[in-house]
Amino acid sequence: MKRGIWIIAAVCALMMNVACLNGAKKNTPETVTEQFSKAFYTADITHQYQYSTKKSDFAIKQLQKAMKDNPERVKEMQDSKVEIQEVKVLEQTDSTATCVCVAKVNGQPRSDKWELLKEDGEWKVTLVMP
């Protein structure tokens, strides 16, 4: 009985350590760029909002409106196979970063450059339209 409790305690401790490590790694410019890119390539509006700045809301709403006009294309994008090959930080300061995401979307090469800002202590992609 005591041995079972120790095993459960050890497993819980290990899971907490892994969760902490993943949380620390989760909000880097590279990770946010990768997650946003996946959401962008697959027309995942919910995650686009999650990984972008508040000022980007207008741009995402415009994308959402355009998607309503072309539901076949949206379905095609949602079914896309996305393989992120590399994410590189080109420039970074304490509050800004520029990243490039190199991917294959349905086997086709794709490279996109994203600007990121720190907002409320977290990295976010900025999509402010001119």
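Only a predicted model underlies this, so the values are computations on that prediction, with no experimental measurement involved.

Some thoughts on the environment of M67
Piece 1. As for its position among the elements, M67 is in helix α4 (residues 57-68).
Piece 2. Residue classification places M67 among the buried positions, given a relative accessible area of 19%.
Piece 3. Sequence-wise, M67 and A43 are 24 residues apart; in three dimensions their C-alpha atoms are separated by 8.4 Å.
Piece 4. Excluding residues that lie within four positions of it along the chain, M67 makes contacts with A43, I45 and V74.

Some details on the nonpolar core
Piece 1. In terms of nonpolar packing, the biggest core is built from 22 residues, with V32, F36, W114, L116, V125 and L127 touching the most fellow members.
Piece 2. Contributions of two or more residues to this core are made by α2 (29-41), α4, α5 (71-78), β2 (96-105), β3 (108-119) and β4 (122-126).
Piece 3. Here this core takes five residues from β2, the largest share from any one element.
Piece 4. Leave out the neighbours within four places in its chain, and V32 touches K26, N27, Y51, L116, W123, K124 and V125.

A look at the sheet that holds β3
Piece 1. Ordered by their spatial adjacency, four strands build an open sheet running β1-β2-β3-β4, and the pairing between neighbours is antiparallel. Of all strands in the sheet, those with a lone pairing partner are β1 (82-92) and β4, marking the two edges. Mean inter-strand twist for the sheet, computed between neighbouring axes without regard to direction, equals 35 degrees.
Piece 2. Taken together, the five bridges between β3 and β4 define a ladder with antiparallel strand orientation. In the strand pairing of β4, K118 is matched with W123.
Piece 3. Where α2 meets the sheet, its contacts fall on β1, β2, β3 and β4, and the angle it forms with β1 comes to roughly 135 degrees.

Structural notes on the environment of Q92
Piece 1. Topologically, Q92 is positioned in strand β1.
Piece 2. Spatially, the C-alpha atoms of Q92 and L116 are 9.1 Å apart, while their sequence positions differ by 24 residues.
Piece 3. Not counting residues within four places of it along the chain, the set of residues in contact with Q92 comprises P29, A97 and W123.

Things to note about the pairing of β1
Piece 1. For β1 and β2, the ladder comprises nine bridges, and the chain directions are antiparallel. Bridging from a neighbouring strand, E86 pairs with V102 of β2.

Rules behind the numbers
Residues numbered from 1 in each chain as written. Predicted model: local features only at pLDDT ≥ 70, side-chain atom pairs only at ≥ 80, totals over all residues. Heavy atoms only, no water. Helix = DSSP H or I, 4+ residues; strand = E, 2+ residues; numbered from the N terminus. Buried < 20%, exposed > 50% of the residue type's maximum accessible area, 1.4 Å probe, protein only. Contact = heavy atoms within 4.5 Å. Core = buried A, V, L, I, M, F, W, Y, C linked by side-chain atoms within 4.5 Å. Pairing = 2+ DSSP bridges. Axes fitted to C-alpha atoms, helices over the stretch in contact; angles between N-to-C directions.

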